[in-house]
Every structure is written in structure tokens, then in C-alpha cells.
Amino acid sequence: MRNELTSSFDFLAKPSRLKVAYGGRGSGKSWTIAQALCLLAVSKPLRILCARELQVSIRDSVHRLLADQIDRLGLGSFLEVQNTEIRGSNGSLFLFEGLRHNVTKIKSMEGIDICWVEEAERVSDDSRLTLIPTIRKPNSEILVTFNPEQETDPTYQRFVKNTPPEAVVRKIN
């Protein structure tokens, strides 16, 4: 995967419990994370949860972005894009959920290898406190991407101003 990523995203190839990428719109954060996750899902069976604070329908998720990356990378014979999930022929699975209105469902999720929280500037402390202990599989990782709106936002405070020791935080512009 390292050869596919720019140096700004080299932290994705290193093990870390929390990986945070933040910065301005148009910096390529979501696009690069989607590419990296597709390549990882091809290399080994992974269960990947793609989450955001509010997701009323699959259209509100990164489903389309991942489908476009699968097409761009020529992985369509390996990763099958379905209406509500993406399945790999090796057992990889991409799931898509909103955090705020699916607390019980999120709490009962098991075996998540990677959780990607997109548009995390909107994630509440309640959702974060539910999600982090839910992603409990050994060596699991949580990827957080966001465009900071204010320095007082909970996500900015939690990961940029008060970076947890288990987090790698990267500003991407």
C-alpha cells in the first residue's frame, strides 16, 4: 500500500489505534482513505465500518466514493458493490452506519478491523464515547477524517488540541 500513497498519507501504512487526518476541503483526505481501504480489503479479509454522525440513507455515506475508487483501481472483479454494502471475494466487508441514531446497532457490532469516521467534525462526544470501545478487535484501528470548522468543535479538541497518546494526527492541505 505504501507505494500507492503520497507522503502526506504515509501514516496510514503504520499501525496505530487512532489515525486522524484533518484539513481543508479538497485536500484529498477522503479520496486517499477510500483508495487505501480498497487496497487493504483486497490484500486481506477485513471488516470495515464506514461511519458518520448522521446517515439517513446509503447516499449519505462514502459508499459512492468507495465504488468510484473500486472502478478506478480496476478492482470490480474482486470487490462487489452492492446496494448497502461492499463485499470482497476474500471475505472483506464494508458496512455503512450513522452513529447518532443507531447507538444500539453500533454497540453490538463485532469484529470490526477498521472504522472510518468521515465528516467527523460533526461527531458528538456521546457518539465518540459509544464508538471507540465498540471497535475492540485486537489491532483494530479507527480512522478519523474531518474539516475543522471551529477550534471549539469536540473532534478538534479531542484529537488535535488534546491528542491521545495512541493517536497519529496529520494536517492535510
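In case you missed it, the structure is sitting above this.
The shown structure was predicted, so the numbers you read here are calculated from the model rather than taken from an experiment. (Residues numbered from 1 in each chain as written. Predicted model: local features only at pLDDT ≥ 70, side-chain atom pairs only at ≥ 80, totals over all residues. Heavy atoms only, no water.)

K.L.:
What is the right way to look at the pattern of salt bridges in this model?
P.N.:
With the rule as written, the count across this model stands at 9 salt bridges. Lys19 is the partner of Glu141 in a salt bridge, and the nearest nitrogen-oxygen pair spans 3.0 Å. You can see Glu141 sitting in strand S7 (residues 141-146) and its partner Lys19 sitting in strand S1 (residues 18-22), a full 122 residues away along the chain. This pair shows no difference in class: Glu141 is buried, exactly as Lys19 is. Residue Lys137 is joined to Asp113 by a salt bridge in which the shortest nitrogen-to-oxygen separation is 2.8 Å. One end of the pair, Lys137, is in the loop between helix H4 (125-134) and S7; the other, Asp113, is in the loop between helix H3 (103-107) and strand S6 (114-117), with 24 residues separating them in the sequence. (Salt bridge = Lys/Arg side-chain N within 4 Å of Asp/Glu carboxyl O. Helix = DSSP H or I, 4+ residues; strand = E, 2+ residues; numbered from the N terminus. Buried < 20%, exposed > 50% of the residue type's maximum accessible area, 1.4 Å probe, protein only.)

K.L.:
It is not clear to me how helix H1 (residues 29-43) should be interpreted in this structure. Could you clarify?
P.N.:
In this model H1 runs 21 Å from its N-terminal to its C-terminal C-alpha over 15 residues, within 8% of the 21 Å that 1.5 Å per residue would give. In terms of burial, H1 is largely enclosed, as 11 of its 15 residues are buried. For H1, the full list of buried residues reads Lys29, Ser30, Thr32, Ile33, Ala34, Gln35, Ala36, Leu37, Cys38, Leu40 and Ala41. (Expected span 1.5 Å × (residues − 1).)

K.L.:
How do you make sense of the environment of Tyr156 when you look at a structure like this?
P.N.:
Along the chain, Tyr156 falls in helix H5 (residues 154-161). Tyr156 sits in the buried class, given a relative accessible area of 12%. Sequence-wise, Tyr156 and Val169 are 13 residues apart; in three dimensions their C-alpha atoms are separated by 11 Å.

K.L.:
For this particular structure, what's the right way to read the packing of aromatic side chains?
P.N.:
Aromatic rings considered in pairs are described by the distance between their centres and by the relative angle of their planes. Within the structure shown, the criterion is met by 3 aromatic pairs. Both rings, one in Phe9 and one in Phe11, keep their centres 6.5 Å apart while their planes meet at 25°; by these two values the pair is stacked. Judged by relative accessible area, Phe9 falls into the buried class, the value being 3%. Geometrically, the ring pair formed by Tyr22 and Tyr156 is edge-to-face, given 6.0 Å between the ring centres and 90° between the ring planes. With a gap of 134 residues between them, Tyr22 in strand S1 and Tyr156 in helix H5 connect regions that are remote in the sequence. The rings of Tyr22, Phe146 and Tyr156 are connected pair by pair, giving a single aromatic cluster. (Phe/Tyr/Trp six-rings, centres within 6.5 Å; stacked < 30°, edge-to-face > 60°.)

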